[in-house]
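Here is what each chain is made of, one letter per residue.
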Amino acid sequence: MAMAVVVAGGTVGGGAIRTAAADATDTKFSFAVLPDTQQEVINSSDTRFLNRTNWLVRNRSALDLRFVTSSGDVVNWDTPDHAQYVTARSAMRPIENAAIPYALALGNHDTQAPGVGGPVRDPARELIRDTTVFNQYFTVSQYRAVKGQFEAGKVDNSYSTFEAGGAQWLVLTLELWPRVAAVNWARNVVAANPRHNVIVVTHDYIDGNGAIEQSAGFGATSPQYLFDNLVKQYANIRFVFSGHTGIAGNRVDTGVNGNKIYSFLQTFHSNSTNPVRLVEIDTAANSLRTWIYAPHTNRSFTEYDRSFSGIGVVR
């Protein structure tokens, strides 16, 4: 197992990484996936969320960080003063000020389904699609790289693009247990961008054992439905990231076109630190390396380090 190295005020687990900003011909870059941050926004005095984003910005050159996403449950529940959204919004501001594009998937706690304290309210199936408050605090203009949305004025289902490593990338964020119409919209997006390497981000997809979840919860479709009708159907879908359950895990599937699909879970629900998953892509080596690091406590979760070769980057 590779040793950790220190860069710009923090330890980056998993091996030697970037030491300077990448130039236009560099084939190695990274993106970051925030886990469920809901435990970090309950108290406004909690600095873990902001500590993480500040660390990412300080280390953007060392990581050659090109994009930041989140697997949902950004907040825990809403209150009349929207205090948790204020905390989360402030925590993402360093990413925005650094002009790093990002897109956050929405979890069940980012909707009006949970009441104050977290219990699910009736009728949950209606309230899970009420994301009005989230969309007041997080918008397309803040995300920077959004190219399309399923519903105008809402980031619940949207896609962003960026270029890195001499290839095109598309980050597709989908609502939790998505409606069939949202899945069909996503199919059209992926089909219309066949030269983009697609990264799907949704709140619930695999569990801690790496199994695809079967329940639709109080949504419309199950993660298995999403796999059968979107993920496995397109040759350019490369990754799926999710949270919601378990701690961390991964699986590898083969799509109907023979492409490998790498899925990763990062949930944590930490009460003490602030993990973030880093994913490094090397388009020349056709490989990926991922690790999880918590800057607040300088902890590397090396048990979740993974490396894969032959990932089949689309060019």
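Residues numbered from 1 in each chain as written. Predicted model: local features only at pLDDT ≥ 70, side-chain atom pairs only at ≥ 80, totals over all residues. Heavy atoms only, no water.

Asks: Teacher, can you tell me more about the overall build of the chain here?
Replies: When helices and strands are tallied, the chain shows 8 helices and 16 strands. Taken over C-alpha atoms, the radius of gyration comes to 18 Å for the chain, in line with the 20 Å a tight globule of 315 residues would show. The burial tally for the chain puts 61% of its 315 residues in the buried class. Taking the intrachain contacts of the chain between residues at least 6 apart in sequence as the baseline, contacts between residues at least 24 apart amount to 67%. Carbon and sulfur atoms provide 49% of the accessible area of the chain, an area that totals close to 11,500 Å². A gap of 6 Å separates the mean positions of the 27 positive and 27 negative side-chain charges of the chain. (Helix = DSSP H or I, 4+ residues; strand = E, 2+ residues; numbered from the N terminus. Rg over C-alpha atoms; globule rule 2.2 N^0.38 Å. Buried < 20%, exposed > 50% of the residue type's maximum accessible area, 1.4 Å probe, protein only. Contact = heavy atoms within 4.5 Å. Areas by Shrake-Rupley, 256 points an atom, 1.4 Å probe, with all protein chains shown as cover. Lys, Arg positive; Asp, Glu negative; His and termini not counted. Charge placed at Lys NZ, Arg CZ, Asp CG, Glu CD.)

Asks: Just to check I follow, could you spell out the nonpolar core for this structure?
Replies: In this structure, Phe31, Leu56, Trp169 and Phe239 are the most contacted members of the largest nonpolar core, which totals 55 residues. Those residues within four positions of Leu56 in sequence are excluded, and the remaining contacts are Ala32, Leu34, Leu63, Leu65, Val68, Ile95 and Leu278. Judged by nonpolar contacts, the second largest core, of 23 residues, contains Tyr159, Leu172, Leu174 and Trp185. (Core = buried A, V, L, I, M, F, W, Y, C linked by side-chain atoms within 4.5 Å.)

Asks: What exactly am I supposed to notice about the packing of aromatic side chains here?
Replies: Aromatic ring pairs are reported here in terms of the distance separating the ring centres and the angle at which the planes meet. Counting across every chain of the model gives 21 aromatic pairs. For the pair Phe31 and Phe239, a centre-to-centre distance of 6.2 Å together with 55 degrees between the ring planes defines the contact as tilted. Of this pair, Phe31 sits in strand S3 (residues 28–34) while Phe239 sits in strand S10 (residues 237–242); the two residues are 208 residues apart in sequence, bridging distant segments of the chain. Judged by its relative accessible area of 2%, Phe31 falls in the buried class. Residues Phe134 and Phe138 carry aromatic rings whose centres are separated by 5.0 Å and whose planes lie at 35 degrees to one another, so their mutual orientation is tilted. (Phe/Tyr/Trp six-rings, centres within 6.5 Å; stacked < 30°, edge-to-face > 60°.)

Spatial relationships are all this shows, so hold off on functional conclusions.
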